[in-house]
Amino acid sequence: MNRTRKLLIVEDDPGIQSQLRWCFEDYEVVQAENRAAAITELRRHEPAVVLQDLGLPPDDSGVEEGFATLKEIIQLAPYTKVVVVTGHGDQSNAVKAVGLGAYDFYQKPVDVDTLQLIVQRAYHIYDLEAENRRLNAHHDGTEMLNGIIAGSDAMTKVCRMVEKVAPTSVTTLLLGESGTGKELLARAIHSLSDRADKPFVAINCAAIPDTLLESELFGFEKGAFTGAVKTTPGKIEVANKGTLFLDEIGDMPLALQAKLLRFLQERVVERLGGRAEIAVDVRVVCATNKNLKDEMAAGRFREDLYYRISEITIDIPPVRERDGGRIVLARHLLAKFAKQQSKNIKGFSDDAQDAIDTYPWPGNVREMENRIKTSVIMAEGKLVTAEDLGIRADGEPRTLNLRVVRQEAETRAIRDALARTAGNISRAADLLGITRPTLYDLMEKYGLQQSPQ
């Protein structure tokens with residue numbers, strides 16, 4: 001084993017603390033006896049693996065410390081592997097902990113060999129995942145998922161959610177502004193599922209008049225209304241065994257929402273003018289750019305339908321919030337359109353990159369596609385300029401000097417920590433994950449004053 005590996009042990013029993021320290025003497029063991037101490041040591045040492053007792057005594061407010069500690073560790077360090085230790089026969093809490101995100105569990109009494117094996121395996125999985133993240137982040141920070149460019153942390157998180165959701169059959173709701181790529185993500189969910197070789201049927205609920213939308217979705221029998229000269233299946237039937245994508249579902253009329261809700265509950269449809277119930281096996285993905293909670297409050301969207309379509313909700317960030325991803329996406333689009341137009345364009349000028357990085361992109365990806373396609377056609381040199389794009393930098397471009405960036409980040413973090421702790425140096429150091437002397441040195445280096453307590 002490697003002595004540089006840090007293992008955080010969260011245990012309030014001194015006897016078991018001593019036993020576990022002996023058990024893992026080849027590791028750099030850090031111990032904590034309660035949630036506050038555990039979070040402090042987690043911030044300070046950033047261990048790859050945490051061994052945590054679920055049976056921590058409740059705090060003064062009666063909160064279950066074990067689960068509260070687990071949730072906070074997973075929130076602060078999502079890649080850290082948490083192995084929970086439970087009492088003998090406490091299977092239900094062990095399963096609950098794994099459901100919350102724990103890597104594995106072990107029941108007392110402690111068997112040294114078994115517990116060592118579990119911890120070794122946790123470190124091995126942590127290393128494999130870290131290497132996978134490093135490889136995925138190679139190639140200019142770009143990740144591809146069925147044509148999706150994920151050059152920012154926010155979009156990478158969305159792609160990871162899509163990968164997890166796709167193999168299931170849960171109804172999924174995609175939320176995002178117009179032009180953020182909701183249909184592209186819906187197609188990614190379909191292509192990564194076991195329904196990939198079956199139909200993907202999309203319908204825009206806002207683009208079809210209310211009077212026609214019902215027949216488009218549910219179909220109609222011959223003679224059901226004037227002009228119904230033959231029986232026609234609806235989009236739901238056509239998507240059988242595949243995926244139905246309901247775009248802009250927030251614009252669906254209330255009367256039709258009730259019928260859609262019945263279909264989602266019963267998984268049967270009745271065509272207009274018909275009486276037979278037709279069973280349909282379809283995976284449903286919905287999308288909207290509206291705030292459905294506001295629509296519910298205004299009485300324009302059914303609350304029961306909202307909870308039926310949002311078994312899993314994926315929030316898609318607008319382009320302006322994809323830090324680090326705008327340039328990556330722009331370069332991908334530039335290469336795509338340059339190839340289409342047979343133009344020998346090598347990249348963006350400095351002023352174009354500044355503009356891309358600071359412009360708010362109100363039209364999101366759709367606007368970026370249009371501007372870059374136009375700029376490729378209009379550009380006269382080998383570099384696309386801000387003038388070619390028709391935009392300019394909105395404010396000062398961000399500095400990329402690491403020394404300046406680090407100083408700004410450290411200064412901001414120290415000020416925030418001091419403000420939250422009312423100038424208490426010890427508590428501020430704990431929040432920052434550093435020692436008191438280090439905090440004093442940084443405050444002196446950046447000329448920061450201790451806030452009044």
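Note that the structure is a prediction, hence the values are computed from the model and not measured. (Residues numbered from 1 in each chain as written. Predicted model: local features only at pLDDT ≥ 70, side-chain atom pairs only at ≥ 80, totals over all residues. Heavy atoms only, no water.)

Section: the packing of aromatic side chains
Step number 1: Evaluated as defined, the whole model comprises 6 aromatic pairs.
Step number 2: Judged by centre distance (5.7 Å) and plane angle (70°), the rings of Phe24 and Tyr27 are edge-to-face.
Step number 3: We classify Phe24 as buried; its relative accessible area is 1%.
Step number 4: Look at Tyr359 and Trp361: their rings are 4.8 Å apart centre to centre, the planes differ by 90°, and that puts the pair in the edge-to-face class. (Phe/Tyr/Trp six-rings, centres within 6.5 Å; stacked < 30°, edge-to-face > 60°. Buried < 20%, exposed > 50% of the residue type's maximum accessible area, 1.4 Å probe, protein only.)

Here's the deal with the pattern of salt bridges
Step number 1: Tallied over the full model, the rule gives 25 salt bridges.
Step number 2: Residue Lys198 is joined to Asp197 by a salt bridge in which the shortest nitrogen-to-oxygen separation is 3.4 Å.
Step number 3: A salt bridge links Asp251 to Lys290; the nearest nitrogen and oxygen atoms lie 2.9 Å apart. Taken as a pair, Asp251 in the loop between strand S12 (243-247) and helix H11 (254-266) and Lys290 in the loop between strand S15 (283-288) and helix H12 (292-297) lie far apart in primary sequence, 39 residues in all.
Step number 4: Given the relative accessible area of 31%, Lys290 is considered partly exposed.
Step number 5: Several salt bridges converge on common partners, so that one network encompasses Glu11, Asp53 and Lys108. (Salt bridge = Lys/Arg side-chain N within 4 Å of Asp/Glu carboxyl O. Helix = DSSP H or I, 4+ residues; strand = E, 2+ residues; numbered from the N terminus.)

Quick word on the environment of Tyr79
Step number 1: Structurally, Tyr79 can be placed in the loop between helix H3 (65-76) and strand S4 (81-86).
Step number 2: On the accessibility criterion, Tyr79 (45% relative accessible area) is partly exposed.
Step number 3: Taking the C-alpha atoms as reference points, Tyr79 and Glu303, separated by 224 residues in sequence, lie 35 Å from one another.

A look at the environment of Leu264
Step number 1: Structurally, Leu264 is set in helix H11.
Step number 2: Placed 25 residues apart in sequence, Leu264 and Asn289 show a C-alpha to C-alpha distance of 21 Å.
Step number 3: Residues within four places of Leu264 in sequence aside, it is in contact with Val284, Leu305, Arg308 and Ile309. (Contact = heavy atoms within 4.5 Å.)

A closer look at the nonpolar core
Burial of nonpolar side chains together is a common tendency in soluble globular proteins.
Step number 1: Ranked by size, the top nonpolar core spans 31 residues in total, and within it Leu217, Leu246, Phe263 and Ile309 carry the most contacts.
Step number 2: Those elements giving two or more residues to this core turn out to be strand S8 (172-175), strand S9 (200-204), helix H9 (210-218), S12, H11, S15, H12 and helix H13 (303-309).
Step number 3: Per-element accounting of this core gives the leading share, 5 residues, to H11.
Step number 4: If we skip the residues at most four places from it in the chain, Leu246 touches Ile203, Cys205, Leu217, Leu260, Val284, Val285, Cys286 and Ala287.
Step number 5: Ranked by size, the runner-up nonpolar core spans 25 residues in total, among them Val328, Phe348, Ala352 and Val376. (Core = buried A, V, L, I, M, F, W, Y, C linked by side-chain atoms within 4.5 Å.)

Observations regarding the pairing of S4
Step number 1: S4 sits mainly inside the fold: 6 of its 6 residues count as buried.
Step number 2: Going residue by residue along S4, you find Lys81, Val83 and Val85 tucked away on one face and Val82, Val84 and Thr86 tucked away on the opposite face as well.
Step number 3: Pairing of strand S3 (residues 49-53) with S4 involves 5 bridges; the strand directions are parallel. Each bridged residue has a counterpart across the sheet, and for Leu51 the counterpart in S4 is Val83.
Step number 4: Summarising the sheet, S4 and strand S5 (residues 104-107) pair through 4 bridges and their orientation is parallel. The residue of S5 that forms the bridge with Thr86 is Gln107. (Pairing = 2+ DSSP bridges.)

Thoughts on helix H7 (residues 153-165)
Step number 1: Between the first and last C-alpha of H7 there are 18 Å, a value that for 13 residues agrees with the 18 Å anticipated at 1.5 Å per step.
Step number 2: Of the positions making up H7, those classed as buried are Met155, Thr156, Val158, Cys159, Val162 and Val165. (Expected span 1.5 Å × (residues − 1).)

Brief notes about the sheet that holds S4
Step number 1: The strand order S2-S1-S3-S4-S5 describes an open sheet built from 5 strands, whose pairing is parallel. At either end of the open sheet lies a strand with only one pairing partner, and these are strand S2 (28-32) and S5. On average, adjacent strands in this sheet sit at an angle of 20° to one another, irrespective of strand direction.
Step number 2: The pairing of strand S1 (residues 6-10) with S2 spans 5 bridges and is parallel. (Axes fitted to C-alpha atoms, helices over the stretch in contact; angles between N-to-C directions.)

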